[in-house]
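An overview of the molecular structure
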Amino acid sequence: MTPRTLRLALAALAALSFAPAAHAQSGGWGRITLFLQGGQTRPEDGGESTSSNEAIASVTVRSAEREESGLEYALDGRGASYGMEGEERRSRLSLWEAWVGGRFAHGAVAVRVGQQWITDLGGLGSVGGALVEVRGRAVKGEGKLRPRLGVFAGVEPKGWETGWESDVRKGGAYAALDGEGGRRHVLGFVTIRNSGLTERSVLSTTNFVPFGRTLFLYVAGEYDVASPGGRGEKGLSYAFVNARWTLSPRVELQGLYHRGRSYDARTITQDQLDGRPVDPRLLAGFLYESGGGRLTVEVARGLRVFAGYSQDRGNRDSGSTGRITAGLHAADVFRTGIDVTVSDNRIDRPDGAYDSWYASVGRSFGGRVYVSLDYATALSVLRFTDADGLVVETRPRTDRFSLNGNVNLGRSLSLLLAAERTSGDLSTELRGSAGFAVRF
């Protein structure tokens, strides 16, 4: 473990000693985690092995959600330190939320100031600034929908470190209806301006609709009303639909559709501000699309089997591939406490078909310890390239074995231990990790 990794681990341990006591009387909740990992990679061509390690600490503290007037606050951050032979990677400190505020007028008006993530707006909801939300009373009648209206303005936080993007401003508004059974409908608008240029102007929507106790529908989407970076294409940039229908206590049908483009609007805008030509490949965005369904049947108590089919498109320049899924999950097999999961994805590509298997055998010991042995083949990884940005890379001839253990040391403290071996055409990797979490 490198010295800076050790310093981060010791700092997290010190935080664990006093944070629960400081928060105990606030009526909220919190969680502190520390994760340590080390690995060694050996190339299959006989080259030199490389070692790596990392330490990640995170803290989350939130006040209780209030119905009446009172103080509210949230803190959610993450620190990471990396070490790798032959490569220098700087430590990172990421901050998602750090705000204070309160509710007034018997809880009808909420004001927040600081860095915050407005979850009603999905991935566009991060802002450093101020939010004002007005909450109405529940409407009488079926559903008892309760309206909310919010407006916000501020700066754009950096994605993977603390601080804000220079000369980038962000603002918007949203309207929401909340009902019983988790029902929620949200329509929002977000605009991002970079040194006078419009980087993004997006309409977003999130909807969760329960139809009784048998059918649930979740729909989310984003629509660019202005060209991303002033040069990209307008229109639908993201769509997600998930429907689950319980036909009977033993039969469930699920359908899923997911499609989207991920524009690097920041680079497009910055190239124009700096007088550089815009790479045409950035204007197309990274396209992904997937659609399909799955049927799950409980054939006996604790035994579920499932099968499904979908069409996937993982990269912009790739064609669609078919994917057949089948598997089973058996809990407490023959009352031994052993759980078994087996699944196979048969993927049909233009250059040939292959199978991606997953199997897991796990067992609990005494209610506090759970151990599982997992096996997976044909993994996929995300890889960054200078030309196209993010690319999904499939590796059909890859095998991974892992041994995982979860230990509940008390009502508020849990421990995670894991060891894995991954081998393929390019390299063999050994990795071990340990982590623990304190909840209060």
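Let me sum up the structure you'll find in this document.

About the cut-offs
- Residues numbered from 1 in each chain as written.
- Predicted model: local features only at pLDDT ≥ 70, side-chain atom pairs only at ≥ 80, totals over all residues.
- Heavy atoms only, no water.
- Helix = DSSP H or I, 4+ residues; strand = E, 2+ residues; numbered from the N terminus.
- Buried < 20%, exposed > 50% of the residue type's maximum accessible area, 1.4 Å probe, protein only.
- Contact = heavy atoms within 4.5 Å.
- Areas by Shrake-Rupley, 256 points an atom, 1.4 Å probe, with all protein chains shown as cover.
- Polar contact = N/O pair within 3.5 Å; in protein donor to acceptor, adjacent residues only side chain to side chain.
- Phe/Tyr/Trp six-rings, centres within 6.5 Å; stacked < 30°, edge-to-face > 60°.
- Salt bridge = Lys/Arg side-chain N within 4 Å of Asp/Glu carboxyl O.
- Core = buried A, V, L, I, M, F, W, Y, C linked by side-chain atoms within 4.5 Å.
- Pairing = 2+ DSSP bridges.
- Arc of directions from axis to C-beta.

**Describing the overall build of the protein**
Scanning the protein for helices and strands turns up three helices and 22 strands. For the protein, with 440 residues in total, the buried portion stands at 33%. Relative to all contacts within the protein whose residues are 6 or more apart in sequence, the contacts with residues 24 or more apart total 45%. Of the roughly 24,400 Å² of accessible surface on the protein, 58% is carried by carbon and sulfur atoms.

**Details of the side chain of Asp-339**
Relative to the assigned elements, Asp-339 resides in strand S17 (residues 338-349). Looking at Asp-339, its side chain comes within polar contact range of the main-chain nitrogen of Asp-332, at 2.9 Å. Setting aside chain neighbours within four positions, we find Asp-339 in contact with His-329, Ala-330, Ala-331, Asp-332, Ser-360, Val-361, Gly-362 and Tyr-370.

**Side note on the packing of aromatic side chains**
What the rule picks out here adds up to three aromatic pairs. Plain terms: the ring middles of Tyr-218 and Phe-240 are 5.9 Å apart, the flat faces sit at 65° to each other, and that makes the pair edge-to-face. Here Tyr-218 is found in strand S11 (residues 215-224), whereas its partner Phe-240 is found in strand S12 (residues 235-248), with 22 residues between them in sequence. Overall, Phe-240 belongs to the buried group, its relative accessible area being 17%.

**As for the pattern of salt bridges**
One pass over the structure, following the stated rule, counts 24 salt bridges. Notably, a salt bridge pairs Asp-120 with Arg-184, separated by 3.5 Å at the nearest N-O pair. Of this pair, Asp-120 sits in the loop between strand S5 (109-117) and strand S6 (126-135) while Arg-184 sits in strand S9 (residues 184-194); the two residues are 64 residues apart in sequence, bridging distant segments of the chain. The network of salt bridges with common partners includes Glu-72, Arg-103, Asp-120, Glu-133, Arg-148, Asp-178 and Arg-184.

**Section: the nonpolar core**
Ile-118, Leu-121, Leu-131, Phe-152, Tyr-174 and Val-190 are the most contacted members of the largest nonpolar core, which has 13 residues in total. For this core, the secondary-structure elements that each account for two or more residues are S6, strand S8 (164-178) and S9. The residues contacting Val-190, other than those within four sequence positions of it, are Leu-121, Leu-124, Phe-152, Lys-170, Gly-171, Gly-172, Arg-200, Ser-201 and Val-202.

**Regarding the side chain of Glu-72**
By the secondary structure assignment, Glu-72 is in strand S3 (residues 70-84). The class of Glu-72 is buried, set by a relative accessible area of 4%. In this structure the side chain of Glu-72 is engaged in a polar contact, spanning 3.5 Å, whose partner is the backbone nitrogen of Arg-66. Setting aside residues no more than four positions away along its own chain, Glu-72 makes contact with Ser-63, Ala-64, Glu-65, Arg-66, Trp-99, Val-100, Gly-101, Gly-102, Arg-103 and Arg-112.

**Examining the pairing of strand S1 (residues 29-43)**
Here 13 bridges tie S1 to strand S2 (residues 50-62), and the two strands are oriented antiparallel to one another. For Gly-39, the partnering residue across the bridge sits in S2 and is Ser-52. From the end of S1 to the start of S2, which pair antiparallel, there are six residues, and Gly-46 there has a positive phi angle of about 90°. Judged from the 13 bridges that link them, S1 and strand S22 (residues 427-439) form a sheet pairing that is antiparallel. Looking across to S22, one finds that Pro-43 is bridged to Ser-427.

**Quick look at the environment of Phe-189**
Residue position: Phe-189 is located in strand S9. Once you skip the residues sitting within four places of it in the chain, Phe-189 turns out to touch Phe-152, Gly-171, Gly-172, Ala-173, Ser-201, Val-202, Leu-203 and Val-225.

**Quick word on unusual backbone geometry**
The phi dihedral of His-106 falls on the positive side, at around 60°, and the residue is not glycine. Residue placement: His-106 occurs in the loop between strand S4 (92-104) and S5. Despite not being glycine, Asp-167 shows a phi value in the positive range, around 60°. One can find Asp-167 in strand S8. Taking the relative accessible area as the measure of exposure, Asp-167 reaches 48% and is therefore partly exposed.

**Re helix H2 (residues 265-273)**
What H2 keeps buried is the set Ala-265, Ile-268, Thr-269 and Asp-271. The buried residues of H2 occupy an angular sector of 160° when the element is viewed end-on, so they sit on one face. Elements in contact with the buried residues of H2: S9, strand S10 (197-211) and helix H3 (280-284). Immediately beyond the C-terminal end of H2, within one or two residues, lies Gly-275, with a positive phi of roughly 80°.

**Side note on the environment of Val-155**
With respect to the helices and strands, Val-155 occurs in strand S7 (residues 146-157). When the C-alpha atoms of Val-155 and Asp-167 are compared, they prove to be 8.2 Å apart, with 12 residues separating the residues in sequence. Apart from residues no more than four positions distant in its own chain, Val-155 is found in contact with Val-127, Gly-128, Trp-164, Val-168, Arg-169 and Lys-170.

**With respect to the pairing of S22**
Examined bridge by bridge, strand S21 (residues 413-424) and S22 share 11 bridges and lie antiparallel to one another. By the bridge assignment for S22, Leu-415 is matched with Phe-436. With antiparallel pairing between neighbouring strands as the criterion, S21 and S22 make up a hairpin whose turn holds two residues.

**Regarding the environment of Thr-33**
Tracing the backbone shows Thr-33 in strand S1. Excluding its chain neighbours within four sequence positions, the residues that come into contact with Thr-33 are Ile-56, Ala-57, Ser-58, Phe-436 and Ala-437.

Remember, this is a structural readout, not a statement about activity or role.
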